[in-house]
Amino acid sequence: MCTAATYQTRDFYMGRTLDYEFSYGDQITVTPRNYPFSFLHMPSLSHHYAMIGMACVMDDYPLYYEAFNEKGLGIAGLNFVGNAVYFDPKPEKDNIAQFELIPWILGTCASLAEAKESLSRINLISTPFKENLPLAQLHWIIADASGAITVESTADGLHVYDNPVGVLTNNPPFPMQMFSLNNYLHLSPKQPANTFSNQLDLSTYSRGMGGLGLPGDLSSASRFARVAFVKQNSISGNSETESVSQFFHILNSVDQQRGCCEVADGKYEITLYTSCCNATRGIYYYTTYDNHQISAVDMHRENLDGETLRCFAPVTGEQIHMQNDNTPGK
């Protein structure tokens, strides 16, 4: 279960939470322009746009959970179990395996408009990365500074939806998620007036009652509504520090704590990491469950004309700044 969002201040930001009960050995991975991408049914890409994101690297291949290219286009894949359907290859289509979608789009498209055009030719095929690996059932949010779309491959084909809230979680399908926001049209950051009855003297008894009724559980539908509300009403300055800090506050509204989501006996889903990429500048920020301090990798400090992946293990272990009487700068 995961949550992705976009955010615009002076620059364009996009990121996600990855919620699961264990890690596959995720690494922040920079793929340079000349890393050779091979595809099952499409021509190889010997030269493409550089990209950065969180990936599980297997056999020197970056299986990206989310990534962003040097042109400011980003993609995040989220679980869509029970609804995602992939197909056999079709000769008239660009046949792309689900694990190939992120490198194909980010490697060849410089904008959301180009991604939409590419998606009009794509058929997502049902071939896993390896026979012994399960075929991930996913849908995707793709975005740049111009807007966002949701991509879902279901039994009746590939669908591309405009995503006006710039948010995605898991099930149900995206049109149902958007429709469900009608249930919360009364919410406001302002304190409510009494519209219940003019015969009763009702008044607010606490701050924050404009948001009364906003769901607080960990289901994907509730997380969608909560992050959509928080994001739409979020205010920050335009500086990098203010923007990044605010983005993490937005996604922290759906943080999953160990013990609250039991997926099997003694196994608990947690927010393994939260990411925020300044897609405009190519800086990937993240926190992990055991480290709330924000860490970052700047793709433009790497050799983007190289041919090999550059991988960084996430920083784990809580970083606590201790302040005592004898600490400089107290």
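Up top is the structure.
The notes below deal with the structure included here. Remember, predicted model here, so these are calculated numbers, not experimental data.

Once that is clear, we can look at the overall build of the chain. Scanning the chain from terminus to terminus reveals five helices and 18 strands. Radius of gyration (C-alpha) of the chain: 21 Å, near the 20 Å computed for a compact globule of 330 residues. With the C-alpha coordinates aligned to their principal axes, the bounding extent of the chain is approximately 70 × 60 × 45 Å. Within the chain, the fraction of its 330 residues that count as buried is 48%.

Let's shift gears to the pattern of salt bridges. Taken as a whole, this structure holds 10 salt bridges when the rule is applied. Ionic pairing is found between Glu66 and Arg16, a salt bridge with its closest N-O pair at 3.0 Å. Residue Glu66 is found in strand β5 (residues 61–69), and its partner Arg16 is found in strand β2 (residues 12–20); the two are separated by 50 residues along the sequence. Under the relative-accessibility criterion, Arg16 is labelled buried at 1%. Between Glu302 and Arg310 there is a salt bridge whose closest N-O contact spans 2.8 Å. Since its relative accessible area comes to 22%, Glu302 is described here as partly exposed.

Right, let's talk about the side chain of Ser153 for a bit. Tracing the backbone through its elements, the reader meets Ser153 in strand β10 (residues 147–154). A polar contact is formed between the side chain of Ser153 and the backbone oxygen of Val85, at a distance of 2.6 Å. Once residues within four sequence positions are removed from consideration, Ser153 is found in contact with Asn83, Ala84, Val85, Tyr86, Phe87, Leu124 and Leu158.

With that settled, the discussion passes to the layout of surface pockets. What the largest pocket holds in volume is close to 820 Å³. Looking at the largest pocket, it is lined by 33 residues, and the ones nearest its centre are Tyr24, Tyr65, Asn79, Ala136 and Leu138. Contributing elements (two or more residues each) for the lining of the largest pocket: β2, β4 (51–58), β5, β6 (74–79) and β9 (138–144). If you tally residues by element for the lining of the largest pocket, the top one is β2, at four residues. Approximately 370 Å³ is the volume attributed to the second largest pocket. If you trace the second largest pocket, you find 16 residues lining it, with Pro192, Ala193, Asn194, Thr204 and Met209 closest to the centre. Partitioning the lining of the second largest pocket into residue classes produces seven nonpolar, eight polar and one charged.

To continue, consider the state of the cysteines. Under the defined criterion, the tally for this structure stands at zero disulfides. The cysteine Cys56 is free of any disulfide, with Cys311 supplying the nearest cysteine sulfur at 10 Å.

Further remarks concern helix α1 (residues 101–108). For α1, the tally of buried residues reaches seven of eight residues, placing the bulk of the element in the interior. Burial in α1 covers these residues: Leu101, Ile102, Pro103, Trp104, Ile105, Leu106 and Gly107.

Glancing now at the packing of α1 against helix α2 (residues 112–119). Between α1 and α2, the shortest axis-to-axis distance is 9 Å and the interhelical angle comes to 130°. On the basis of the axis angle, α1 is oblique to α2. In the packing of α1 onto α2, the handedness of the crossing is right-handed. Together, Leu101, Trp104, Ile105 and Thr108 of α1 and Glu114, Ala115, Ser118 and Leu119 of α2 make up the contact between the two elements. Considering only residue class, the contact of α1 with α2 consists of five nonpolar, two polar and one charged.

Reading the values: the criteria
Residues numbered from 1 in each chain as written. Predicted model: local features only at pLDDT ≥ 70, side-chain atom pairs only at ≥ 80, totals over all residues. Heavy atoms only, no water. Helix = DSSP H or I, 4+ residues; strand = E, 2+ residues; numbered from the N terminus. Rg over C-alpha atoms; globule rule 2.2 N^0.38 Å. Buried < 20%, exposed > 50% of the residue type's maximum accessible area, 1.4 Å probe, protein only. Salt bridge = Lys/Arg side-chain N within 4 Å of Asp/Glu carboxyl O. Polar contact = N/O pair within 3.5 Å; in protein donor to acceptor, adjacent residues only side chain to side chain. Contact = heavy atoms within 4.5 Å. 1 Å grid on protein atoms, 1.4 Å probe; cavity = no way out; pocket = protein on both sides within 12 Å on 5 of 7 lines; lining within 4 Å. Points joined across faces, edges and corners; volume = space filled by probe spheres on them. Nonpolar A, V, L, I, M, F, W, Y, C, P; charged D, E, K, R; others polar. Disulfide = S-S within 2.5 Å. Axes fitted to C-alpha atoms, helices over the stretch in contact; angles between N-to-C directions. Parallel < 35°, antiparallel > 145°, perpendicular 65-115°, else oblique. Left-handed = near helix turned anticlockwise from the far one by under 90°.

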